[in-house]
Amino acid sequence: MPNRVVVGMQWGDEGKGKIVDLLTEEADIIARYSGGANAGHTVVINEDRFILHLIPTGILHERKICVIGNGVVIDLKHLFSELEELKKRDIRFQRRLLISQSAHLVMPYHKVEERLEEEARGKGRIGSTGRGIGPAYQDKMARRGIRAMDIFNPRLFKQKVEWNLKVKDDLLSALPEHELIALKNKSLDVLKLNRKVKPLLADVSWFLNQSIKKRKSILFEGAQGTLLDVDFGTYPYCTSSNTTAGAVCTGLGIAPSAIDEVIGVTKAYTTRVGNGPFPTEEKGKLGKILQERGNEFGATTGRPRRCGWLDLVLLKHSLRINGISKIALTKLDVLDQLDKIKVCVGYKYRGKILTEFVPDLRILENCQPVYKEFAGWQKTIGGTTNFKKLPERAKRYVDFISRKLNTLIFMISTGDKRNQTIRL
Ligand code: IMP
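Quick summary incoming for the structure in this document. (Residues numbered from 1 in each chain as written. Predicted model: local features only at pLDDT ≥ 70, side-chain atom pairs only at ≥ 80, totals over all residues. Heavy atoms only, no water.)

Now for the packing of aromatic side chains. Inspection of every chain in the model, using the stated rule, returns four aromatic pairs. With centroids separated by 5.6 Å and ring planes inclined at 85 degrees, the aromatic side chains of F374 and Y397 adopt a geometry described as edge-to-face. Within this pair, whereas F374 is found in strand β18 (residues 368-375), its partner Y397 is found in helix α14 (residues 392-405), the two being separated by 23 residues in sequence. Like Y397, F374 is buried. Joined through ring pairs, the aromatic side chains of F374, W377, Y397 and F400 make up one cluster. In this arrangement the basic side chain of K326 is found over the ring face of F410, its NZ or CZ atom lying 4.6 Å from the centre. (Phe/Tyr/Trp six-rings, centres within 6.5 Å; stacked < 30°, edge-to-face > 60°. Helix = DSSP H or I, 4+ residues; strand = E, 2+ residues; numbered from the N terminus. Buried < 20%, exposed > 50% of the residue type's maximum accessible area, 1.4 Å probe, protein only. Lys NZ or Arg CZ within 6 Å of the ring centre and 35° of its normal.)

Now the structure itself:
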């Protein structure tokens, strides 16, 4: 079986959780390579709904090994509460979860730092998930971050905490003295988790490369989406890591040649949470309809997602950046009752039509989307498993997307359950 990457093609929340869950059947190992507890992957199994933030979705499949790579930033408290939640629901993870010893920790001061920075940004705030992700990656790049392995070296750990609090003094001095002391104590308390962490830490790169030699199949589970990538997204309204397929190599310590296939996931429309440009956003009634029918509320923060039409300019960008060879199209059924469906095929800006993504926020914020309009099918397709059984108008919509992107749509999701899926 091949080693495959599953990557989001939009601003996250494309329904990767369900797609990864389905593809997990064909893999031995499921590995997360970037992001942190800012992600929220929802999987529905029969009547049970699971939302995973840090732990790979593969944990829901007995006998599959799950890996969290060095590219992920880990909030240990969050990790253990997620594991506790799984335990309560009879999901066993002993000897099935490996965490990179080099992964950086999200510390209590990162969340405070993030809150203060967002407040200082005022109107220009990013609208982050508040999970301390940005500051954790900042510290990693500034070479003062605390790595998972540091938890076994209390002296180094304390030194690092003290150094970090000193460096951040300008920002943190906004806190009253007692809060600052409490924050330091809380940060040092992370050390107490060392016993629980020990059995989970491993040299993940070594393990994965050994597994590749043994012809095991790895599914690389992306978090967030291409437009949230710190290099290729709508900077600065993005996350602080590389979310794209290239990050698989640096986030897990495997070679590009080990990747056989990249699968892109997109919704049949577009959503985003947080601030930043969104050319096809529908701010009125239609946006509300998509939000309600699609249950578009953040799995991590519960915030309502902004909704709009599918944007092929963005998807073309995602195809190129990630090297996507096939697409899973999700939530097609959300469009069921609409009388008209639009797809953006270009942006009009200062009299010119642009058909390629531009990273310039002025253009993305001020362009007019150019739409191709379709008549809606206005029939219920929820739960359909056979492409032939889709209404002609729904088939036409799917065919148009596939043709315009020149890429196979190999899976269509028509509901949140595992079996509400068309495989082509
Ligand atoms: P951060 O990753 O918490 O720093 O948030 C930065 C931006 O990325 C904000 O707009 C968030 O709403 C967005 N974001 C981060 N993770 C996700 C995700 O998993 N799904 C959707 N949006 C996300």
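To continue, consider the pattern of salt bridges. When the charged atoms of two side chains lie near each other, side chains of opposite charge can form a pair. Tallied over the entire structure, the rule returns 25 salt bridges. D139 is paired through a salt bridge with K168; the nearest N and O atoms lie 2.8 Å apart. In this pair, D139 sits in helix α4 (residues 133-141) while K168 sits in the loop between α5 (154-167) and α6 (169-172), placing the two residues 29 residues apart along the sequence. What makes D139 buried here is its relative accessible area of 1%. By relative accessible area, which is 4% here, K168 ends up buried. Within the structure, one salt-bridge network assembled from shared partners comprises R4, E26, E261, K326 and R423. (Salt bridge = Lys/Arg side-chain N within 4 Å of Asp/Glu carboxyl O.)

Neighbouring residues of the ligand: 16 residues in total, closest D13, N38, T129, T239 and R303. With respect to the ligand, the side chain of Q224 contributes an N or O atom lying 3.2 Å from a nitrogen atom. Within the side chain of R303, an N or O atom sits 2.9 Å from an oxygen atom of the ligand. Counted by class, the shell around the ligand contains six nonpolar, seven polar and three charged residues. (Near = heavy atom within 4 Å. Polar contact = N/O pair within 3.5 Å; in protein donor to acceptor, adjacent residues only side chain to side chain. Nonpolar A, V, L, I, M, F, W, Y, C, P; charged D, E, K, R; others polar.)

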